[in-house]
Amino acid sequence: MNISWLIGDYFITLWLPIHNVMSSYSTNLTDKQWQVIKNIVDPTERKRKHSLREVVNALMYLSKTGCQWRMLPNDFAPWQTVYFYFHKWKQEGVFEQLMHHLRETVRKACGRAVSPSVGLIDSRSVRTSHHVDSREYGVDGGKKVKGRKEHIVVDTLGLPMAVTVHAANIYDSVGAVEPIKQLRFLFPRLKKIIADGGYRGKLADFVKSLGWELSVALRPKESSKKFQVLPLRWIVERTFSWIENYRRMTIDYEYRTEAAEAMLQITFCQIMLKKIIP
C-alpha cells in the first residue's frame, strides 16, 4: 500500500506494509466482539509485529470461505503466521476455552444458568479430501460416506458443550464416549443426555456411571406423516445446519482429526459471537 502527495514540484510517496492496515471483510470481528474474547486470545497485550486480532480475523475468514491456507488475502498476516497461531492455540486448548466462554456468555444473555441441565448428542458424517491421514478416516456404511464423523453435544439453545471428530466407520454408540467424557467436571447441573436410536446399548450404562441419564428418542414406527419433528431432537439438527453455512465445514480438509476439531470449534465461536453481538 502507498500514500502519495504533492509538495511543490515533487511527489512524495510513502510505502506501508500491507499487514499494518486493518483488513475489511464481513467475517472480521467488530470492536465489541473482540472485547469479549481479547482476554483469552491476547491476555498480555504486548506489542507484536502482527496483531492477534488480525490472526483471529484470518481464521474466521478461512472457516467461512473455505479457502486454502496459502490463499489467504495479503491484507491479513502472512499465512505462515496464521497457521503458527492456529497450531499453537490448538495445542494449548485456546479454541475450546473460547467455545466454553462464549457459550456461557450467550446463556447469561438469554437469562439461562451457566451450566445446562440437559445435553443433546448427535453426529454427522462428512466427506474428506484426498490428502487426509489414512489412519483417521473410514466409511459410514449407513450413510455411504467415506470420511469422518463430527460428534457434538449441545444444550437446549443449540450451543456446543463438547465436540470431537473421528473416523466415519466408528459406530455412534462407540464414538459418543469421548465427547461425553469431556462433559465431566464442566457442567454441575447436567442430569440428562438425549440421543437417537443409534446410541442404544452399553452407552446407557457408561452415562449412568457418570451420574447422568441417557434418554433415547425413537421415531414412531407407524405414522401417516413422512417427516416428524421429535421433541428436542430438532435442536441438534439445527446446530448442524448452522455449521453448513461455513464452507470449511462442508468437506473435511484437515490432515489430522485434532485439526478438524479445532476448525469446528472456530466455527462454533463465530456462530456464538454473532449471537452475542450481531
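Above this note sits the structure.
Now for a description of the structure that goes with this document.

Criteria and thresholds
Residue numbers here run from 1 along each chain, matching the order of that chain's written sequence. This being a predicted model, a pLDDT of at least 70 is required before a residue's local features are given, and a value of 80 or more before pairs of side-chain atoms are given or counted; all residues contribute to the totals for chains, interfaces and linings. Side-chain numbers come from the whole structure's heavy atoms, not from hydrogens or water. For the purposes of this entry, the term helix denotes a DSSP run of H or I that reaches at least four residues, the term strand denotes a run of E that reaches at least two, and both are numbered from the N terminus. Note on contacts: a residue pair qualifies if any of its non-hydrogen atoms lie within 4.5 Å across the two residues. Per-residue and other accessible areas were derived by the Shrake-Rupley procedure at a 1.4 Å probe size, with only the shown protein chains allowed to occlude residues. What makes a salt bridge here is a side-chain nitrogen of Lys or Arg within 4 Å of a carboxyl oxygen of Asp or Glu, nothing more. We call a residue buried when its accessible area falls under 20% of the maximum for its residue type, exposed when it is over 50%, and partly exposed in between, using a 1.4 Å probe and counting protein chains only. Within this scheme a cavity is a closed region of a 1 Å grid, computed over the protein atoms alone, that accommodates a 1.4 Å probe without allowing it to escape, whereas a pocket is open but has protein on both sides within 12 Å along at least five of seven lines; lining residues each have an atom within 4 Å of a point. Grid points are joined across faces, edges and corners, and a volume is the space filled by probe spheres set on the points. The nonpolar class holds Ala, Val, Leu, Ile, Met, Phe, Trp, Tyr, Cys and Pro. Asp, Glu, Lys and Arg form the charged class, and all remaining residues, Gly among them, are polar. In this text, buried Ala, Val, Leu, Ile, Met, Phe, Trp, Tyr and Cys residues form a nonpolar core when linked through side-chain atoms within 4.5 Å. Expected helix span is given by 1.5 Å per residue-to-residue step, counting one fewer step than there are residues. A fitted line through C-alpha atoms serves as each axis, taken over the contacting stretch for helices, and the angle formed by two N-to-C directions is quoted from 0 to 180°. Angular relationships are summarised with four words: roughly parallel below 35 degrees, roughly antiparallel beyond 145, roughly perpendicular across 65 to 115, and oblique for the angles in between. Summarising the geometry, the arc corresponds to the directions from the helix axis toward the C-beta atoms. Strands pair, by our definition, only if DSSP identifies at least two bridges between them.

## A look at the overall build of the protein chain
Then step 1. Across its full length, the protein chain holds nine helices and eight strands.
Then step 2. Taking the intrachain contacts of the protein chain between residues at least 6 apart in sequence as the baseline, contacts between residues at least 24 apart amount to 63%.
Then step 3. Approximately 15300 Å² of the protein chain is accessible, and the part contributed by carbon and sulfur atoms is 53%.

## Digging into the pattern of salt bridges
Then step 1. Enumeration according to the criterion identifies 17 salt bridges in this entry.
Then step 2. Between arginine 148 and aspartate 252 there is a salt bridge whose closest N-O contact spans 3.1 Å. Of this pair, arginine 148 sits in strand 5 (residues 145–154) while aspartate 252 sits in the loop between helix 8 (233–243) and helix 9 (257–276); the two residues are 104 residues apart in sequence, bridging distant segments of the chain. Across the pair, aspartate 252 and arginine 148 agree in class, each one buried.
Then step 3. Linked by salt bridges that have partners in common, Asp133, Arg135, Glu136, Arg148, Asp252 and Arg256 make up one network.

## Concerning empty space enclosed by the protein
Then step 1. Overall, the coordinates contain two cavities of 30 Å³ or more when judged by the stated rule.
Then step 2. Taken together, Ile37, Val41, Val56, Leu59, Met60, Trp89, Phe95, Leu98, Ile266 and Cys269 form the lining of the largest cavity.
Then step 3. Within the residue set of the lining of the largest cavity, elements represented by two or more residues are helix 1 (31–41), helix 2 (52–65), helix 4 (94–109) and helix 9.
Then step 4. Take the lining of the largest cavity: its biggest share by element is three residues, from helix 2.
Then step 5. Classifying every residue of the lining of the largest cavity gives 10 nonpolar, no polar and no charged.
Then step 6. Considering only enclosed or pocket space, the second largest cavity measures out at about 50 Å³ in volume.
Then step 7. If you go around the second largest cavity, the residues you meet are Glu150, Arg248, Met249, Ile251, Asp252, Tyr253, Glu254 and Ala260.

## Considering the nonpolar core
Then step 1. Ranked by size, the top nonpolar core spans 53 residues in total, and within it Ile37, Leu72, Phe86, Trp89 and Phe268 carry the most contacts.
Then step 2. At the level of secondary structure, the elements contributing two or more residues to this core comprise helix 1, helix 2, helix 3 (79–92), helix 4, strand 3 (118–127), strand 5, helix 8 and helix 9.
Then step 3. Examining the composition of this core, we find that 10 residues originate from one element, helix 9, more than from any other.
Then step 4. Leaving out residues up to four positions away in the same chain, tryptophan 89 has contacts with Val41, Leu52, Val55, Val56, Leu59, Val94 and Phe95.
Then step 5. If you look at the next biggest cluster of nonpolar residues, it comprises 16 residues, including Val153, Ala176, Ala195 and Tyr199.

## Side note on the layout of surface pockets
Then step 1. What the largest pocket holds in volume is close to 290 Å³.
Then step 2. Lining of the largest pocket is provided by 15 residues; of these, Trp69, His131, Arg248, Tyr253 and Glu254 occupy positions nearest its centre.
Then step 3. At the level of elements, helix 3 and helix 9 are the ones that each hand at least two residues to the lining of the largest pocket.
Then step 4. Tallying contributions element by element places helix 3 first for the lining of the largest pocket, with three residues.
Then step 5. In terms of residue class, the lining of the largest pocket is built from seven nonpolar, three polar and five charged.

## Some points on helix 4
Then step 1. In a regular helix each residue adds 1.5 Å, so 16 residues correspond to 22 Å; helix 4 covers 22 Å between its end C-alpha atoms and thus fits that length.
Then step 2. Among the residues of helix 4, Val94, Phe95, Leu98, Met99, His100, Leu102, Arg103, Val106 and Arg107 are the ones counted as buried.
Then step 3. Turning to helix 4, the residues buried within the fold contact helix 1, helix 2, helix 3, strand 6 (160–167) and helix 9.
Then step 4. Positive phi shows up at glycine 111, right after helix 4, with a value of about 80 degrees.

## Some details on the packing of helix 3 against helix 9
Then step 1. Close contact between helix 3 and helix 9 brings their axes to 10 Å; oriented N to C, the two are set at 95 degrees. If you check the angle between helix 3 and helix 9, you find them roughly perpendicular. Only Glu258, Ala259, Ala262, Met263 and Ile266 of helix 9 make contact with helix 3, whose side of the interface consists of Phe86, Lys90 and Gln91.
Then step 2. Partitioned by chemical class, the residues of the contact of helix 3 with helix 9 number five nonpolar, one polar and two charged.

## Here we look at helix 3
Then step 1. With 14 residues, helix 3 should cover 20 Å at 1.5 Å per step; its first-to-last C-alpha distance of 20 Å lies within 8% of that length.
Then step 2. Every buried residue of helix 3 is listed here: Thr81, Val82, Tyr85, Phe86, Trp89 and Lys90. Viewed along the axis of helix 3, the buried residues span an arc of 165 degrees, placing them on a single side of the element.
Then step 3. Lining the buried residues of helix 3 we find helix 1, helix 2, helix 4 and helix 9.

## As for the pairing of strand 5
Then step 1. Within strand 5, nine of the 10 residues are buried, which leaves it mostly tucked inside the rest of the structure.
Then step 2. Across eight bridges, strand 3 lies against strand 5 in antiparallel orientation. Within strand 5, the position partnered with isoleucine 121 by the bridge is valine 153.
Then step 3. Across three bridges, the pairing between strand 4 (residues 138–140) and strand 5 is antiparallel. Its bridge partner lying in strand 5, valine 139 is registered against lysine 146.
Then step 4. Count of turn residues in the strand 4/strand 5 antiparallel hairpin: four residues, of which lysine 144 carries a positive phi of about 55 degrees.
Then step 5. One ladder, built from seven bridges, connects strand 5 with strand 6; its direction is antiparallel. The residue bridging histidine 151 from the neighbouring strand is threonine 164, located in strand 6.
Then step 6. The antiparallel pairing of strand 5 with strand 6 creates a hairpin that spans five residues between the two strands, and glycine 158 there sits at a positive phi of about 85 degrees.

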